[in-house]
Amino acid sequence: MGLIVREYERMAILFKKSCCRHSIPIILLVMGCLLVLAGCGVDPIRAERQTDQRVHQILDSNWDPDLGNLAKLTQTDPNEMDPEAVVLLETIRQAGTINLEQAIQLGMLNSHDYRTACEQLYLAGLNQADVQHFYTLHPFAGGIAGYHKEGSDEIAGGQATAGFNQLLSTGATLSSNFTLGYFDILTGDFRSGLTSIFHASVTQPLLRGGSRKVVMEPLTQAQRDTVYALRDFIRFRKSFCVSTATDYWQLAQLAWQAQNARANYEQLQRIYRSMLDLSQVGRLSRYELEQASQDVIKAETLLIGTINEYDNALDQFKVRLLIPQETELRIELQAPFIRALASNPSWPTDEKAAVELALQQRLDLASSEDRVDDARRQVEIAADALKADLAITGRLEPARHQNRAILDTDSSEIDPAQDRYELSLRSDLGLDRTWESHDYKRTIIALSQAERQDQLLREAISAGIRQAWRDMQEARERYELQKQAQTLANKRLENTSLLLQYRRASTRDVLDAQKDYLQAQNAYAAALADYATAELNFLRDTELLWIHADGEPEIRVGSRENPLSNQG
């Protein structure tokens, strides 16, 4: 232990003496390295801002600006509510009502599911940015400074290194490196002074891995994956809006039923009072009056249950849109907004035209077809891996100059080395390509599966569109019939009530007419909600429905080339 301590003390004394003799260059070198290290790194806020800029540039290049500002849509902060959502929520709170457009817009700004979809889209763009960076120039720089002792040899000094690496689309890899070092020999038979080293090399595959398609495949697939993510996001927006609208119309249906139940209760009360007057003058039996009283009690019970069902559904709707539960709110009963757009010339005229339109426009089908192309490309990539390896490498290393000392160095003490040039061919005959052969077979099977999956999706879309068309036609016919039935039930109630005054109709006839009128009203409300929902589902499934950033719907014939073309 004492020997170790003495050796440590001796090294400390030697280092101290050497530092005194060479303190200026060593201190300057160490301080320079520390300053370089302190100045390096990236500020987190700046890094996040630059990352957002790169990702949004990637996504915006494939986005349709008519659908809103994608950068805003994908900007999410889990800790803060969107400012527009705050303003919209305050508008809704002050009005005490919410319409369908406001519900969709608030959901797009506020919903957890929508924010998650935005984040998934952002991550897809981020993945492409990662792959793109792989093909850019990669600079590097660093340094080291310190003290080294081995036996009687002692060295103090440091060196700095800088260079770059880059992969070209031809498969060539470029590399360069420049090193500058200063070494102060305290003891030992070495040379002190500055040393510079530079070398550069390039390697170009000629057979295996030398095709541009093979080299650029990761970027090609990343670009296509971004397009798939954009398509999925747009379809999610449509499905999200249709789902929100469906919940809204179901809630509106309950509101209509509650409104009808209240009107029914009030009407039965009027009928009861009218019958009570007739009973008091002997024109109506007590039995008939009791029937009316029982129907009033049933109507009140129905009203209480209907209001309770509506209130529960309204609370769930608030949860979906993240509206505070204490917010006093009611649904604004309005005509389905989408019916005003049904006269658009893009609207298909029959079932066959609807199927053809969907097969042309469906974004998920476009992605499925493109994935078949991806699978074909993977077969080509796997076939390239079966080739032999042959690469040419060039290397340059200029003469290196090493000085004996920093100061008072004359030219006779400079020791130049010779310039070095190298050109070589590297080959691998590929006598064992078993794993590559297996991968090639896997890609062939994957291509067959992708083709079958694409055909299955095509058939499923055709069947789904036919069903959506029939459901919409049925909903439309049922809506028209229930509209007529409500009108007839209202006329029957009016006529029966009038006939009761002249004793040409019984109390039961009036109560039955009132009951049938309530059922007709509720059936009409259900048919209207179903019709609006069926139209939205049809427009979504045919890709006719497009949703803007503010939740406003539009019917239009989209194009796979714009805004969602593949760039790969």
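Now for a look at the structure at hand. Quantities reported herein were computed from a predicted structural model and do not represent experimental measurements.

**A word on unusual backbone geometry**
So, point 1. The phi angle at Leu322 is positive, at roughly 60°, despite the residue not being glycine.
So, point 2. Tracing the backbone through its elements, the reader meets Leu322 in the loop between α10 (286-321) and β6 (330-331).
So, point 3. Judged by relative accessible area, Leu322 falls into the partly exposed class, the value being 31%.
So, point 4. Of note in this structure, Glu543 is not a glycine but carries a positive phi near 65°.
So, point 5. Here Glu543 shows up in the loop between α14 (507-541) and β9 (545-547).
So, point 6. Glu543 sits in the buried class, given a relative accessible area of 0%.

**Looking at the packing of aromatic side chains**
So, point 1. According to the stated counting rule, one finds 12 aromatic pairs in the structure shown.
So, point 2. Both rings, one in Tyr248 and one in Trp249, keep their centres 5.6 Å apart while their planes meet at 90°; by these two values the pair is edge-to-face.
So, point 3. Judged by relative accessible area, Tyr248 falls into the buried class, the value being 0%.
So, point 4. Given a relative accessible area of 1%, Trp249 falls into the buried group.
So, point 5. Taken together through their ring pairs, the aromatic side chains of Trp63, Tyr114, Phe233, Phe236 and Phe240 make up a single cluster.
So, point 6. In this structure, Arg320 packs its charged tip against the face of Phe240, placed 5.3 Å from the ring centre.
So, point 7. Positioned above the aromatic ring of Tyr228 is the side chain of Arg371, whose terminal nitrogen or guanidinium carbon lies 4.3 Å from the ring centre.

**Focus on the environment of Ala252**
So, point 1. Tracing the backbone shows Ala252 in helix α9 (residues 217-280).
So, point 2. Owing to a relative accessible area of 0%, Ala252 belongs among the buried residues under this scheme.
So, point 3. Sequence separation of Ala252 and Asn99 is 153 residues, and the distance between their C-alpha atoms is 10.0 Å.
So, point 4. Leave out the neighbours within four places in its chain, and Ala252 touches Ile331 and Leu333.

**With respect to the packing of helix α12 (residues 363-384) against helix α13 (residues 434-501)**
Pairs of packed helices are described in terms of their axes, by the angle between the two and the distance that separates them.
So, point 1. Two elements in contact, α12 and α13, have axes whose closest approach is 9 Å; the angle formed by their N-to-C orientations is 170°. Comparing their axes, α13 and α12 come out roughly antiparallel. Considering only the axes of α12 and α13, their crossing is left-handed.
So, point 2. Along the lines of polarity and charge, the residues of the contact of α12 with α13 split into 13 nonpolar, 4 polar and 8 charged.

Scoring rules and cut-offs
Residues numbered from 1 in each chain as written. Predicted model: local features only at pLDDT ≥ 70, side-chain atom pairs only at ≥ 80, totals over all residues. Heavy atoms only, no water. Helix = DSSP H or I, 4+ residues; strand = E, 2+ residues; numbered from the N terminus. Buried < 20%, exposed > 50% of the residue type's maximum accessible area, 1.4 Å probe, protein only. Phe/Tyr/Trp six-rings, centres within 6.5 Å; stacked < 30°, edge-to-face > 60°. Lys NZ or Arg CZ within 6 Å of the ring centre and 35° of its normal. Contact = heavy atoms within 4.5 Å. Axes fitted to C-alpha atoms, helices over the stretch in contact; angles between N-to-C directions. Parallel < 35°, antiparallel > 145°, perpendicular 65-115°, else oblique. Left-handed = near helix turned anticlockwise from the far one by under 90°. Nonpolar A, V, L, I, M, F, W, Y, C, P; charged D, E, K, R; others polar.

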